[in-house]
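# Observations on the model geometry
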Amino acid sequence: MTSVAGTHARPAASDEPPALQVVDLHAGYGVVEVLHGVSLSVRRGGVLAVLGPNGAGKTTTVRAVSGLVPPTHGQVRIEGVDVTGASPDGLARAGVCIVPEGRGIFPRLSVDEHLRLIAPNPRALKGVQERFFARFPALGDRRAQLVGTMSGGEQQMVAMARAVALDSRLVIVDELSMGLAPRVVEDLYRHLGALAADGVAIVIIEQFIHDVLGLADEAVVLNHGVVVARGLPGDISEQLESLYLANGPHG
Ligand code: ATP
């Protein structure tokens, strides 16, 4: 894809706290620790790619950040404020939007019904609709269509409705590319690039690299619950390749 990295918002001021900062995060399921001290951060208007093979701990990182899995150690800070263990609701109020793996949409609801669910109150609905259809005009004349009957790419657009139609300041997208054609993924990345250009911090979790490295301005690579590489996308792509060659993409 053509890189959209150059379209990002003005750089964050150097004294501005990161939009998201994860420090030495440990978390797991029951007695099994899956994350063994993960640290990462993304600034306002930045795009961070979190990559790694199957089972590396990417989704667990998202869950630990979003309060679904309680961290046993470490910190999650949003714009400098410690939100470790905060509820998903509390995080939403802090401007965090998580687009989960598997899209989190309701197949038997229409596009309009999704927007109604997203609007915090009936008066806000008009603004939500305007912002959503301004980003995704192609869905404008399909508003009554059940989302389950739409293509995978269109469903992913609906899944991104919270991110584009509310005033999210941090958007975390887990495996957006899953099951989608590269051209569709490229288009969705463009939309994320446009959000970043508006100053939103973006974290993209991907197992397969696709063209996310063209969009990201920084990348971290997870394996077995630790960060094994971090840096500029161009610099880590070689390390990433050898990791995938060693493990195979399925870990
Ligand atoms: P994928 O690309 O498959 O989503 P991932 O990098 O997101 O992989 P995680 O889903 O975070 O990896 O899984 C990390 C480890 O945690 C794996 O060993 C997995 O088996 C384990 N795990 C994930 N979810 C649970 C769960 N609900 N209960 C117990 N163990 C889990």
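Below is a summary of the structure that appears in this document. Note that the coordinates shown come from a computational prediction; the quantities given were computed from them, not determined experimentally.

Quick notes on the rules
Residues numbered from 1 in each chain as written. Predicted model: local features only at pLDDT ≥ 70, side-chain atom pairs only at ≥ 80, totals over all residues. Heavy atoms only, no water. Near = heavy atom within 4 Å. Polar contact = N/O pair within 3.5 Å; in protein donor to acceptor, adjacent residues only side chain to side chain. Areas by Shrake-Rupley, 256 points an atom, 1.4 Å probe, with all protein chains shown as cover. Helix = DSSP H or I, 4+ residues; strand = E, 2+ residues; numbered from the N terminus. Nonpolar A, V, L, I, M, F, W, Y, C, P; charged D, E, K, R; others polar. Pairing = 2+ DSSP bridges. Contact = heavy atoms within 4.5 Å. Axes fitted to C-alpha atoms, helices over the stretch in contact; angles between N-to-C directions. Salt bridge = Lys/Arg side-chain N within 4 Å of Asp/Glu carboxyl O. 1 Å grid on protein atoms, 1.4 Å probe; cavity = no way out; pocket = protein on both sides within 12 Å on 5 of 7 lines; lining within 4 Å. Points joined across faces, edges and corners; volume = space filled by probe spheres on them.

Our next topic: the site of the ligand. If you check the shell around the ligand, you find 14 residues, and the closest are N54, G55, K58, T59 and T60. N54 is positioned with one of its side-chain polar atoms (N or O) 2.6 Å from an oxygen atom of the ligand. In the environment of the ligand, an oxygen atom lies 3.0 Å from a nitrogen or oxygen atom belonging to the side chain of E175. Relative to its free-state accessible area of 620 Å², the ligand is covered by the protein chains to the extent of 60%. At 4 residues, the largest contribution of residues to the shell around the ligand is made by helix 1 (residues 58-65). Classifying every residue of the shell around the ligand gives 4 nonpolar, 6 polar and 4 charged.

What follows is about the pairing of strand 4 (residues 73-78). Bridge count for strand 1 (residues 20-29) against strand 4 is 5 bridges, and the pairing is antiparallel. If you follow H26 over to strand 4, its bridge partner there is H73. Pairing geometry for strand 4 and strand 5 (residues 81-82), over 2 bridges, is antiparallel. By the bridge assignment for strand 5, R77 is matched with D82. If you look at the hairpin formed by strand 4 and strand 5, you'll find 2 residues sitting between the two strands, and E79 has a positive phi there, around 45°.

Pairing is antiparallel in the open sheet, where 4 strands are placed in the order 2-1-4-5. Of all the strands in the sheet, just strand 2 (32-42) and strand 5 have a single pairing partner and so form its edges. Note: strand 1 against strand 2, 8 bridges, orientation antiparallel. Opposite A27, over in strand 2, you have L35 as the bridge partner. Each of strand 1, strand 2 and strand 4 touches helix 1; the most contacted strand, strand 1, lies at about 110° to it.

Another aspect to go through is the pattern of salt bridges. If you walk through the whole model with that rule in mind, you get 8 salt bridges. With a shortest N-O distance of 3.2 Å, D217 and R43 are connected by a salt bridge. Of this pair, D217 sits in the loop between helix 8 (212-215) and strand 9 (218-223) while R43 is found in the loop between strand 2 and strand 3 (47-51), placing the two residues 174 residues apart along the sequence. For R169, the salt bridge identified is with E79, shortest N-O distance 2.8 Å. You can see R169 sitting in the loop between helix 6 (161-165) and strand 7 (170-174) and its partner E79 sitting in the loop between strand 4 and strand 5, a full 90 residues away along the chain.

The next point concerns empty space enclosed by the protein. Summed over the entire model, instances satisfying the criterion amount to 1 cavity of 30 Å³ or more. Taken as a whole, the largest cavity encloses approximately 60 Å³ of empty space. Taken together, L20, V22, L40, V50, T61, V62, V65, I172, V203 and I205 make up the lining of the largest cavity. At the level of secondary structure, the elements contributing two or more residues to the lining of the largest cavity comprise strand 1, helix 1 and strand 8 (201-206).

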